[in-house]
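Next come the chains, spelled out residue by residue.
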Amino acid sequence: MKRIWVLAVALTFAVPTFFVATRAQALTLIPPSLEFGAKPGETLTTKVKLFNETSAPVVLSTSTDVFTAGDDFGTPKFSNTPTEDIASWIKVSADPIVLEAGQRADVPVEILVPANADPGGHFGVVFFGTTPNTASGLSAVAIGSKVGALIIVRVEGNIREAG
């Protein structure tokens, strides 16, 4: 009987720890996609809103890339070519963005459409990502994450579509 009582007391304290809900840890980005029409040589300005929903500060770096449709569902496939096409047109601060827990920030984004831009659709993304801290010099595994806003710009001009 004493063993059952001890087991019941132990389970009373152990079981609730398995079912304690935790708050989601997230970085929210609004809007997830931006679409523009533009003339060659035009400069477009917009902003992306970031919200740190975590309980700790985050330091974000920015990067750009080009994307294409990766499958029949339109899933973006990133090219890892940040110096090509629209990725080189997108200008966002290279300085780290520090967001305290619960803080929101508006990040300005400029898209400088070249005067010689090909008419038609250009598909890019601006990424905001965490970089793992490797300053300690110790060997370790670290995970970084990033979230991006898709940017679609349709440049005016005569387009010859085939296919």
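Residues numbered from 1 in each chain as written. Predicted model: local features only at pLDDT ≥ 70, side-chain atom pairs only at ≥ 80, totals over all residues. Heavy atoms only, no water.

A. Inspection of the side chain of His-122 at higher detail. Along the chain, the position of His-122 falls in strand β9 (residues 120-130). A polar atom in the side chain of His-122 sits 2.7 Å from the backbone oxygen of Asp-118. (Helix = DSSP H or I, 4+ residues; strand = E, 2+ residues; numbered from the N terminus. Polar contact = N/O pair within 3.5 Å; in protein donor to acceptor, adjacent residues only side chain to side chain.)

B. Broad picture of the layout of surface pockets. The space that makes up the largest pocket amounts to roughly 170 Å³. Along the walls of the largest pocket sit 12 residues, with Ala-26, Leu-27, Val-58, Thr-130 and Ser-145 positioned nearest its centre. Of all the elements in the fold, those that place two or more residues in the lining of the largest pocket are β4 (58-69), β9 and β10 (146-155). In the lining of the largest pocket, the residues fall into six nonpolar, five polar and one charged. (1 Å grid on protein atoms, 1.4 Å probe; cavity = no way out; pocket = protein on both sides within 12 Å on 5 of 7 lines; lining within 4 Å. Points joined across faces, edges and corners; volume = space filled by probe spheres on them. Nonpolar A, V, L, I, M, F, W, Y, C, P; charged D, E, K, R; others polar.)

C. Seen up close, the side chain of Asp-65. The topology assignment puts Asp-65 in strand β4. One buried charged side chain, Asp-65, makes no salt bridge at all; its nearest oppositely charged neighbour is Lys-146, positioned 6.1 Å away. From its side chain, Asp-65 meets the backbone nitrogen of Asn-80 in a polar contact 2.8 Å long. Not counting residues within four places of it along the chain, the set of residues in contact with Asp-65 comprises Phe-78, Ser-79, Asn-80, Thr-81, Pro-82, Ala-87, Phe-123, Gly-124, Val-125 and Phe-127. (Buried < 20%, exposed > 50% of the residue type's maximum accessible area, 1.4 Å probe, protein only. Lys, Arg positive; Asp, Glu negative; His and termini not counted. Salt bridge = Lys/Arg side-chain N within 4 Å of Asp/Glu carboxyl O. Contact = heavy atoms within 4.5 Å.)

D. Region of the structure containing unusual backbone geometry. Geometrically, the link from Ile-30 to Pro-31 is a cis peptide bond, its omega value of -5° lying close to zero. Relative to the helices and strands, Pro-31 is located in the loop between β1 (27-30) and β2 (33-38). One non-glycine residue, Asp-85, adopts positive backbone phi at about 45°. Asp-85 sits in the partly exposed class, given a relative accessible area of 34%.

E. Local environment of the pattern of salt bridges. Inspection of every chain in the model, using the stated rule, returns one salt bridge. A salt bridge links Lys-47 to Asp-106; the nearest nitrogen and oxygen atoms lie 3.5 Å apart. Placement of Lys-47 in strand β3 (residues 43-52) and of Asp-106 in strand β8 (residues 104-112) is noted, with a sequence separation of 59 residues between them.

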